[in-house]
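# Fold and geometry: a report
Below are the chains, spelled out letter by letter.
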Amino acid sequence: MELEKLTALQLGEKIKQRQVSVLDGVKTVFEQIEKQDSEVHAYLDTYKEEAYKRAEEVQKGIEDGTYTSPLAGVPIAIKDNICINGKKTTCASKILENFVPQYNAEVIDRLERAGLVIIGKTNMDEFAMGSTTETSYFKATSNPWDLTRVPGGSSGGSAAAIAAGEAIWSLGSDTGGSIRQPASFNGCVGIKPTYGRVSRYGCIAFASSLDQIGPITKDVTDAAIVL
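Residues numbered from 1 in each chain as written. Predicted model: local features only at pLDDT ≥ 70, side-chain atom pairs only at ≥ 80, totals over all residues. Heavy atoms only, no water.

## Examining the sheet that holds strand β5 (residues 189-190)
Strand order in the open sheet formed by 6 strands is β1-β3-β2-β4-β6-β5, and the pairing between neighbours is mixed. The open sheet has two edge strands with one neighbour each: β1 (43-46) and β5. Sheet topology places β5 next to strand β6 (residues 212-217); 2 bridges connect them, and they run antiparallel. Each residue of the ladder has a partner; that of V189, found in β6, is T217. Strands in contact with helix α5 (residues 156-163) are β1, β2 (75-79), β3 (117-122), β4 (169-174) and β6; relative to β4, the strand with the most contacts, it is inclined by about 155°. (Pairing = 2+ DSSP bridges. Helix = DSSP H or I, 4+ residues; strand = E, 2+ residues; numbered from the N terminus. Contact = heavy atoms within 4.5 Å. Axes fitted to C-alpha atoms, helices over the stretch in contact; angles between N-to-C directions.)

Rendered as structure tokens:
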């Protein structure tokens, strides 16, 4: 079964029906990363050991009724301008190369309460200023459909990860198109929520009165459920 091709809702349903385990989904994603990310460069950092441990915890939580979300156990990638406690959050910039926040963004707390498994942090244009994911200090991301082309930006890593099967869904941020444009370049669905619909707490700002955190997914149903 090619789990990487499933939507988040489909994988969540298979986990709930015990056709596959949370760990199966997480392992599949990391296998895709190991196969492809040396060329795609969707990720700046991955959390393999922590994700495997978290998968076991979430599996138990699903079985005992702690986690009831339809997306519980589904692996997710996070754009690297969204803070995760104890994990580097660089905004793809040398300036923040060693910045480690001591708190979670509100969206991360909500994901953890829903029982999702975070795979890692995705590449982006430096400080979200760009539309190709080529201005990252660390590396440029390629479009998985054609490695000679750009994936869009600034959430190019988050969109490329979906297109490459290296995540089931992801979070990006959008100021003036930074979710919607890379989603379209990679054949995904992206939403910029209305201002205030999703908390911006813990998202390192580009233009705070316009920034929004939102989902990048494989289809419209996933985007709606994630939101």
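## Things to note about α5
Of all 8 residues in α5, 7 are buried; the element is thus mostly enclosed. Considered for burial, the residues of α5 that qualify are G156, G157, S158, A159, A160, A161 and I162. Looking one or two residues beyond α5, the residue adopting positive phi is G165, at roughly 75°. (Buried < 20%, exposed > 50% of the residue type's maximum accessible area, 1.4 Å probe, protein only.)

## Comments concerning the packing of helix α2 (residues 22-40) against helix α3 (residues 48-63)
How two helices sit against one another is set out by the angle between their axes and by the gap between those axes. Put simply, α2 and α3 touch, their axes get as near as 8 Å, and they point 155° apart. Between α2 and α3, the crossing angle belongs to the class labelled roughly antiparallel. Here the hand of the crossing between α2 and α3 comes out right-handed. Contacts from V22, L23, V26, K27, F30 and E34 in α2 reach K48, A51, Y52, A55, V58, Q59 and I62 in α3. (Parallel < 35°, antiparallel > 145°, perpendicular 65-115°, else oblique. Left-handed = near helix turned anticlockwise from the far one by under 90°.)

## A closer look at the pattern of salt bridges
In total, this model carries 9 salt bridges according to the counting rule given. In this structure, the salt-bridge partner of K121 is D80, at a minimum N-O distance of 2.9 Å. Here D80 lies in the loop between β2 and α4 (106-114) and K121 lies in strand β3, a separation of 41 residues in the sequence. Each of the two residues, K121 as well as D80, counts as buried. (Salt bridge = Lys/Arg side-chain N within 4 Å of Asp/Glu carboxyl O.)

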